[in-house]
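The residues making up each chain are set out below.
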Amino acid sequence: MKAKLFVVMLLLIVTLFWWWNWSEPVPTAVMPRPEVQQPEKVHQEAASAGPPVRLTVRHTERTELRDSFRLLAQAYAEELSYPPYSRPLLPEDEALLRPNDFIPQTVPLIEGASATVILDKYRFSYPESVYVRLEVSGLDVYDVRLQLTDEVTDKPLQTAVMQRSDRHWAARVAGEASWQGPLLVKVSFQAKGRKQQLQAGIFYSNPVATVIAVSEPGSAGSDLTIPVKLDVRQAGYYRLRANLFTADRQPLAVLTQTQYLQNGSGELVLKAHKSVLSAEGPYLLTTLLLERRPAIPGEPTLYGDSAQAEYQLEVHSLSSLSNETWQPDEQERQRLQFLQQMAGG
Amino acid sequence: MKTWLGLVAAVLLTTSAQAAVGGYPVILVHGFQPDNLASRPTGHQVSTNGEQYWEAFWRDRADARIDWPSQERIAGRVASDYAWPKLQQLSRNGICADGCIVVTHSTGDLVTRYILDNQALWLQNAGLQPLNIVATFDFAGAGGGVELADLAVNVAGGSGLIDTTLRLALSLWMGQIPSPANIGVLNDLRVNTARQLAVLPDDRVPRLRFVGAGSDFQGITGAFLPGEDDGVVASHSSCGASRAGSFDSCSRTVAFNGRLASQSNGVSSFMPYHYPMLMSEGYSHNAVIGDVARDEVTAANSRLSYQNGDSLQFATYEEKRGWWVFGANYMLVRHSANNSMSALVYQAAD
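Keep in mind that this is a model prediction, so the values were computed, not measured.

Draft legend 1. Quick look at the nonpolar core. Residue and element names in this part refer to chain B. Counting 187 residues, the largest nonpolar core has Cys100, Ile101, Leu148, Ala152 and Phe210 as the members making the most contacts within it. Here this core takes nine residues from helix 4 (residues 74–93), the largest share from any one element. Sequence-distant contacts of Cys100, that is, excluding residues within four places in its chain, are made with Tyr24, Pro25, Val26, Ile27, Ile95, Leu131, Asn132, Ile133 and Val134.

Draft legend 2. Focus on the environment of Ala287 of chain B. In this structure, Ala287 of chain B sits in the loop between strand 6 (274–280) and strand 7 (298–299). Non-local contacts of Ala287 of chain B, meaning those with residues more than four positions away in its chain, are made with Gly212, Gly214, Val292 and Arg294 of chain B.

Draft legend 3. Quick look at unusual backbone geometry. Cis peptide bonds are those with omega within 30 degrees of zero, and the linkage from Tyr126 of chain A to Pro127 of chain A qualifies with 10°. Of note, Pro127 of chain A is situated in the loop between strand 6 (123–125) and strand 7 (130–137). Even without being glycine, Gln218 of chain B reaches a positive phi, approximately 55°. Summarising the element assignment, Gln218 of chain B is placed in the loop between strand 5 (207–212) and helix 10 (235–238). Backbone geometry at Tyr273 of chain B places phi at a positive 65°, although glycine is not the residue there. Tracing the backbone shows Tyr273 of chain B in the loop between helix 10 and strand 6.

Draft legend 4. Quick look at the sheet that holds strand 1 (residues 26–29) of chain B. Residues and elements named next belong to chain B. As summarised here, the arrangement of the seven strands in space is 2-1-3-4-5-6-7, forming an open sheet in which the pairing is mixed. Sheet topology places strand 2 (64–66) and strand 7 at the edges, where each strand pairs with a single neighbour. Pairing geometry for strand 4 (residues 133–139) and strand 5, over four bridges, is parallel. Looking at the pairing, Asp138 lines up with Arg209 of strand 5.

Draft legend 5. Broad picture of the sheet that holds strand 12 (residues 181–191) of chain A. Residues and elements named next belong to chain A. Taken in spatial order, the five strands line up as 6-13-12-8-9 in an open sheet, and their pairing is mixed. Among the strands making up the open sheet, the edge pair consists of strand 6 and strand 9 (156–161). With strand direction ignored, the average angle separating the axes of adjacent strands in the sheet is 30°. Both strand 8 (residues 142–150) and strand 12 contribute to a ladder of seven bridges, which runs antiparallel. Note on strand 12: the bridge partner recorded for Arg145 is Ser188.

Draft legend 6. Local environment of the environment of Thr42 of chain B. By secondary structure assignment, the location of Thr42 of chain B is in the loop between helix 2 (36–39) and helix 3 (43–53). Put simply, Thr42 of chain B and Tyr82 of chain B are 40 residues apart on the chain and 9.7 Å apart in space, counted from C-alpha to C-alpha.

Conventions used here
Residues numbered from 1 in each chain as written. Chains lettered and ligands numbered in written order. Predicted model: local features only at pLDDT ≥ 70, side-chain atom pairs only at ≥ 80, totals over all residues. Core = buried A, V, L, I, M, F, W, Y, C linked by C-beta atoms within 7 Å. Buried ≥ 20, exposed ≤ 12 C-beta atoms within 10 Å, placed from the backbone. Helix = DSSP H or I, 4+ residues; strand = E, 2+ residues; numbered from the N terminus. Contact = placed C-beta atoms within 7 Å. Pairing = 2+ DSSP bridges. Axes fitted to C-alpha atoms, helices over the stretch in contact; angles between N-to-C directions.

Printed below as a string of structure tokens:
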């Protein structure tokens, strides 16, 4: 009986080990083949006698660094086939699709407990309120308080007592027009007779410009032009970034335009190159991010907002757009040349 | 007198050019120096620290450095008091006029991203020629933030209920627990804040990532970092992943140790113009800029995605299972056993 059990167990171990090694084979090769690809070493790690039997053959391929550069050069060359103002957007481009996500950080506490300060987003615009939650696991906490402070001056701006709901503590504080810049969200609580303070950073801005309308798209060469009307309250170098989606919300491109704008009414013209317009309109312009860039070092970045979260663009046909391919500028060609040079060719 | 000194400095800067990557001058941007939070260096001491930071390998292979003290903020005095004078000097001296390579380590990655986003506008506004940066080589880049910085900032606010091991990990990393008034660049390194700083520079400079997964702290700091890490920076940051998360590799097809196997927790999407190049299991955060071979190195970009979603990859050898039941296939970079990661990169470009 014991012998049978041993054999069954041995077979099970062998099967599991085989599965572990081979269940996820490397994808089949399709693209450029490195020059040196033959196995140069077969390393055998074998227990020559006695169970458990572990016989591992290590096949080692040697590659050259220039092979990596060759692949990189190809990827970069493909990037350069699109204009910098009109970059294709994929569902995996999470940072570009959701540029205002707040990423909660959990802090380990005593006795295996933990606590997390959570906000709905990173950047807030006046007059938005700020809703803060504290989630605690493994510890009974009490006297939970919220304080918002100016990150630069450490001046307290707002306080609130956080209320307990089912699974967390929460408070909402109203924003103020004078808040402009990074804020610290400080949450303090007590447990086991000790006090603890946690904090997270957010950005609160009183918008220095507002997107008030998006005009009907036009065409210029191979670009779909999208005029964006703004109300500018603080002159400066503005960069508008927005995501272009199909009507059924498939991402197409991230569009960017930078321009100096005077106080008052202004306009920035976003451009979508034909190469990123894989589907006919109508389109949606969404996720607008308006920055007033620092004109000199040390100046803070300020932000604008948008009257609407998204704008529908009626585009009846792309036939008026020419089929010219985008040509990278001299510096971009030099960068590509460098990568190709590193690739040995 | 000032003019004369400026000319001498310019000549020294120009004639000290002694090495290049691919024929281009090299500019170094160092990372976070924890002891700065307490010592608060200024002036010449910042420069001395910067020189020491790179002395293991890159110092004598570079043409200029942008040195900055860690008690300051990136968009604040790091930019205005430390980066800006050097950017003007580089522009006036023409070091980057025909192109230059920026080599960064750790937080230098984030500092450089902010510089890439703004240098052209700042220099043009000052009537100077923007720098022509051809590429950056980012070793252990912290551009996606550092979870330990978030934790350090929290512990600085009081450690009444903080986990003891976490305090130990932070002490190992920083040599001290910072005070609330002395956090400096740690604020910029918090994951949220870092990932909001200059997310998509207009200049399309390729950012090449060189990543380790070793540790100088016996894995104690790694317990507080998601996925694989180099003892300080998690792989989502050093690989240049488009989102913070727990990743076991910079690649979907090769592990940090070079083993060719599907990496279900590998990074699949990267920040714009960020490209993983080399990975190694044996290199810690600081070892990647050293001159000692710690482990063999694998190519992290055996598979890349085109921006249109198509993929391209190395041809791997034909899979031969033969009769061998147990087997593992590895891809390693030639000569990596005898050369440090930095030396490997430098020699490839020589």
